[in-house]
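# Residue-level structure breakdown
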Amino acid sequence: MTRFISKKDLITWLEKLIQERILIAPTTKNGLLLFQPVSEVEDIVLDFQNTELSPKECFFSATETLFAVKREDGRTELVPATVDRDTVLFGLHPCDAMGMAINDKPFLAEPADTLYGQHRARTTLIGLPCSKPTTECFCTSMGGGPHDPTHLDVLLTEAEDGYIVQAVTGKGEEILPSSVVEREIVSPPPPSVEPVPAAGISEVMERVFEAPYWSRLADRCIHCNICAYVCPTCYCFDVRDYANGGRIERVRSWESCQSPGFTRIAGGYDPRSSKGARLRQRFYHKLRYFPQEFGALGCVGCGRCIRACPVNIDIREVISDVQKLGAKIGT
Amino acid sequence: MAVGTELGSSLFLPKLAELLKVEPLSEKEKLFQLRLKDGSRLNHKPGQFVEVSVLGIGEAPISISSSPTRDDSFELVVRMVGNLTGALHRLQPGDTVGIRGPFGNGFPVSELLKRDLLFVAGGIGLCPLRSMIQHAIDKREQFGRIILLYGCRQPAEQLFRGELGEWRQRPDIEILESVDRCPVDVAWEGSVGVITTLFPQVSIDPGKTTALVVGPPVMYRFVVAECLKQGIAKERILLSLERRMKCGMGFCGHCQINNRYVCQDGPVFSYAELSRLGEAEL
């Protein structure tokens, strides 16, 4: 027997969640589909290919205060930021849930990042399967799938006049409303996704490090950093202080390894000064170093970087080029 | 999921430290002596670094230049090169800074026991090495020869001149000094030329010697070549690398060299390890 919630009951449930927690869901803002806090259920977009930005922002913000400096009577106190409200992240696709599971590896490995950990602990993920992958999607080659519930708390699959409800975790089970009923119903098959030749890519990368391929590919890169910002698994960051009207905060913000100066040290020396070396770093981190460190590829195949890149640098092409190059170079 | 929710456990929260002493060492470098305000010791190892905060300006990685064998304070040498170091140079004794760390692996002290230590310091590279030199002096019987090759651009840039004078007096430390150039009106007893000109002046037993090298990036290729020429094994040539760092804990991404994070796996690497990393470019 499958569990089921009607469309009407889903709306009631979402209304209740909006009352009790912060509900973040896909919604259109300035013509862009983004994960945003919503106050009206009708603002939620349910039927979409993918959002412009991944929901990593819910856990690792584009800009987030780490602590504030409090000065009183000549004493200095540092007040760390904390997460004080529960959140439901609704509507994310399995690829983005997998992105979060990938980010958990660096952020929650000891020593764990407490702020990220608090965001994660206080957020419940209610996902929707992906029914219309984009032409740039390749999740199945990265170990995921359009209907993969693995990294979600709840998966809601549209069927008949409602949704099939799958509680994946205990946290998901707890949040379900009593309007969930049992019903004999068949889940629709997942859509097909174009594969890329990713098998063994991490090992092949080892052989092509010195290839001129990387600087040739980087020739057209304008280091706009959009690939890193739309990516669900890019996690490089900058830490800075902001002082404003006597208030001092230390802030973490997204940064990209594609920026010139990302590795430049005081005095001017830059160990990664060429664009070719920087672009190579992006693909090596995802396809070689991250697997070496954490045993998983640092890419979910969501295709966002491909759609966003103004000069058509395409990670699928890179993967298949590396396979060809590696075969040519040999072991 | 392992989640630390204690308020005080934030990885990015510095401890507050008081500046006990601020002392100019040269035109651009100042020595800062600090103590943590909560009364705890830094508990560092020679060759480690801390992230130093000037609240409202920012944070930067600075190597610790004193040995943990000395006392409950610690010392940093800071060259004025930018915003944060400029702000540090304006601070006075009694002022407060933030400290995170210590970070990094430091020098492998236990592997250095009984070894002859060949310190090769280029300019401000003497500062991180000083933490190990002091350690070796304080536990003198645990180590073999202590040899210091110290090169600067000119005599006025020599750091720790008082302490160098004390070291020169000791029969159990051998010091050779060079400057790239010496103004005609300055007295200089050392060599003139780049630091590698000192190598032919010292005789070492390559099997017993570990080289500890810290200096500007350009120095490493030439010093490593000299060490190899002297017959020191690749595994026994230790280099400390300077990189941009924001977190100190191996995830902000700035200090990565291939799959290594200089802030955690380094800053001290053997030449053997670096020569396996395609991106190290020595």
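On a predicted model such as this, the values are computed, not experimentally measured, just so you know.

Criteria and thresholds
- Residues numbered from 1 in each chain as written.
- Chains lettered and ligands numbered in written order.
- Predicted model: local features only at pLDDT ≥ 70, side-chain atom pairs only at ≥ 80, totals over all residues.
- Heavy atoms only, no water.
- Helix = DSSP H or I, 4+ residues; strand = E, 2+ residues; numbered from the N terminus.
- Rg over C-alpha atoms; globule rule 2.2 N^0.38 Å.
- Contact = heavy atoms within 4.5 Å.
- Areas by Shrake-Rupley, 256 points an atom, 1.4 Å probe, with all protein chains shown as cover.
- Lys, Arg positive; Asp, Glu negative; His and termini not counted.
- Charge placed at Lys NZ, Arg CZ, Asp CG, Glu CD.
- Buried < 20%, exposed > 50% of the residue type's maximum accessible area, 1.4 Å probe, protein only.
- Salt bridge = Lys/Arg side-chain N within 4 Å of Asp/Glu carboxyl O.
- Buried area = accessible area lost by both parts, 1.4 Å probe.
- Polar contact = N/O pair within 3.5 Å; in protein donor to acceptor, adjacent residues only side chain to side chain.
- Nonpolar A, V, L, I, M, F, W, Y, C, P; charged D, E, K, R; others polar.
- Patch = residues over 30% accessible without salt bridge, like charges linked within 9 Å, V, L, I, M, F, W, Y side chains within 5 Å.
- Pairing = 2+ DSSP bridges.
- Axes fitted to C-alpha atoms, helices over the stretch in contact; angles between N-to-C directions.
- Arc of directions from axis to C-beta.
- Domains from an automatic or database assignment.
- Left-handed = near helix turned anticlockwise from the far one by under 90°.
- Phe/Tyr/Trp six-rings, centres within 6.5 Å; stacked < 30°, edge-to-face > 60°.

### Overview of the overall build of chain B
Looking only at helices and strands, chain B has six helices and 15 strands in total. The C-alpha radius of gyration computed for chain B amounts to 19 Å, which stays within 12% of the reference 19 Å derived for 282 residues, consistent with globular compactness. For the C-alpha atoms alone, the extent of chain B along its principal axes is close to 55 × 45 × 35 Å. Contacts spanning at least 24 positions in sequence make up 66% of the contacts within chain B whose residues lie at least 6 apart. As displayed, chain B has an accessible area near 11,600 Å², and 48% of this comes from carbon and sulfur atoms. Taking the average location of the 33 positive side-chain charges in chain B and that of its 33 negative ones, the two points are 2 Å from each other.

### As for the overall build of chain A
A tally of regular secondary structure across chain A gives ten helices and twelve strands. Relative to the globule expectation of 20 Å for 331 residues, the C-alpha radius of gyration of chain A, 22 Å, shows essentially globular dimensions. Counting only C-alpha atoms, chain A reaches 65 × 60 × 40 Å along its principal axes. A burial count over chain A gives 58% of its 331 residues as buried. Contacts in chain A between residues at least 24 apart in sequence constitute 71% of all its contacts with a sequence separation of at least 6. For chain A, the computed accessible surface area is about 14,500 Å², with 49% contributed by carbon and sulfur atoms. Here chain A carries 37 positive and 43 negative side-chain charges, and the mean point of each set is 6 Å from the other.

### Observations regarding the pattern of salt bridges
Counted by the stated rule, this structure contains 35 salt bridges over all chains. Lys15 of chain B is paired through a salt bridge with Asp38 of chain B; the nearest N and O atoms lie 3.3 Å apart. A residue pair is termed long-range when its members are at least 10 positions apart, and Lys15 of chain B in strand E1 (residues 15-24) and Asp38 of chain B in the loop between strand E2 (29-36) and strand E3 (49-54) qualify at 23 residues. Sharing partners across several salt bridges, the network here consists of Asp241 and Arg250 of chain A together with Glu59 and Arg100 of chain B.

### Describing the interface of chain A and chain B
Accessible area lost upon the coming together of the parts is a frequently used measure of interface size. Listed by partner, the interface residues are 49 residues for chain A and 39 residues for chain B. For the pair chain A and chain B, the summed buried surface comes to about 3,900 Å²; carbon and sulfur atoms form 60% of the total. Taken as a group, Thr114, Phe237 and Arg250 of chain A account for 14% of the area that chain A buries against chain B, more than any other trio of residues on that side. Our count for the contact surface shared by chain A and chain B stands at three salt bridges. Between chain A and chain B we count 16 residue pairs in polar contact (both at pLDDT 80 or more) in total. When residues of the side of chain A that touches chain B are assigned to their parent elements, the largest contribution, seven residues, is made by helix H8 (residues 275-294) of chain A. Class assignment for the residues of the side of chain A that touches chain B results in 25 nonpolar, ten polar and 14 charged.

### A word on a negative patch on the surface
All names here are of chain A. A cluster of like negative charges, contributed by Glu15, Glu40, Glu42 and Asp43, occupies part of the molecular surface. If you trace the backbone, Glu15 turns up in helix H1 (residues 7-20). Taking relative accessible area as the criterion, Glu15 reaches 41% and is therefore assigned partly exposed.

### A word on the sheet that holds strand E11 (residues 237-244) of chain A
All names here are of chain A. Overall, antiparallel pairing links the four strands, which are arranged E5-E4-E12-E11 in an open sheet. The open sheet terminates on both sides in strands that have one partner only, identified here as strand E5 (75-80) and E11. Strand-to-strand, the axes of this sheet are offset by a mean angle of 20°, without reference to chain direction. In the sheet, strand E4 (residues 63-72) pairs with E5 via six bridges, with the strands oriented antiparallel. Pairing of Val69 across the sheet is with Leu78, part of E5.

### Some words on helix H3 (residues 114-121) of chain A
Residues and elements named next belong to chain A. Within H3, seven of the eight residues are buried, which leaves the element mostly enclosed by the surrounding structure. Within the span of H3, buried status applies to Thr114, Leu115, Tyr116, Gly117, Gln118, His119 and Arg120. As for H3, its buried residues are in contact with E4, helix H2 (94-108), strand E7 (123-127) and helix H4 (170-175).

### Here we look at helix H5 (residues 217-229) of chain B
Residues and elements named next belong to chain B. Turning to H5, its buried residues are Met219, Tyr220, Val223, Val224, Glu226 and Cys227. Projected down its long axis, H5 shows its buried positions confined to an angular sector of 160°, all on one face. Among the exposed residues of H5, those pointing more than 90 degrees away from its buried face are Val218, Arg221 and Lys229. Buried residues belonging to H5 abut strand E7 (116-122), strand E11 (209-214), strand E12 (237-240) and helix H6 (271-276).

### Brief notes about the domain arrangement of chain B
All names here are of chain B. Per the domain assignment, the segments of chain B are domain 1 (15-103) and domain 2 (109-280). Each of domain 1 and domain 2 has a C-alpha centre, and the two are 21 Å apart. Summing both partners gives a buried area of about 2,000 Å² for domain 1 against domain 2, and 55% of it is carried by carbon and sulfur. Linking domain 1 with domain 2 are two salt bridges. The residue Arg130 makes a salt bridge to Glu75 at a minimum N-O spacing of 2.8 Å. Among the elements of the structure, E2, E3, strand E4 (58-63), strand E5 (74-79) and strand E6 (96-103) are those that each provide at least two residues to the side of domain 1 that touches domain 2. Residue classes in the side of domain 1 that touches domain 2 are distributed as eight nonpolar, seven polar and seven charged.

### Digging into the packing of H2 of chain A against H3 of chain A
All names here are of chain A. Closest axis-to-axis distance for the H2/H3 pair is 10 Å, and the angle between their directions is 145°. Crossing angle aside, the handedness with which H2 passes H3 is left-handed. Contacts between H2 and H3 involve Met100, Ala101, Asn103, Asp104, Phe107 and Leu108 from the first element and Tyr116, Gly117 and Arg120 from the second.

### A short note on unusual backbone geometry
Residue and element names in this part refer to chain A. Note that the residue after Glu110, namely Pro111, is joined by a cis bond; omega there is -5°. Checked against the element boundaries, Pro111 lands in the loop between H2 and H3. With phi around 50°, Asp73 is a residue other than glycine that occupies positive phi space. Locating Asp73 in the fold gives a position in the loop between E4 and E5. We classify Asp73 as exposed; its relative accessible area is 77%. With a phi close to 30°, His223 is a non-glycine residue in the positive phi region. Its place among the elements puts His223 in the loop between helix H6 (213-218) and helix H7 (226-230). According to the relative accessible area criterion, His223 is partly exposed, its value standing at 30%.

### Brief notes about the packing of aromatic side chains
Applying the stated rule across the entire model yields 18 aromatic pairs over all chains. Aromatic side chains Trp214 of chain A and Tyr284 of chain A sit 5.5 Å apart centroid to centroid with 70° between the ring planes, which places their arrangement in the edge-to-face category. On the criterion of sequence distance, the pair formed by Trp214 of chain A in helix H6 and Tyr284 of chain A in helix H8 is long-range, its members being 70 residues apart. Summarising the aromatic geometry, the rings of Phe49 of chain B and Phe103 of chain B are spaced 5.8 Å apart at their centres and angled 45° between planes, so their arrangement reads as tilted. Here Phe49 of chain B is found in strand E3, whereas its partner Phe103 of chain B is found in strand E6, with 54 residues between them in sequence. There is no split in this pair, since Phe49 of chain B and Phe103 of chain B are both buried.

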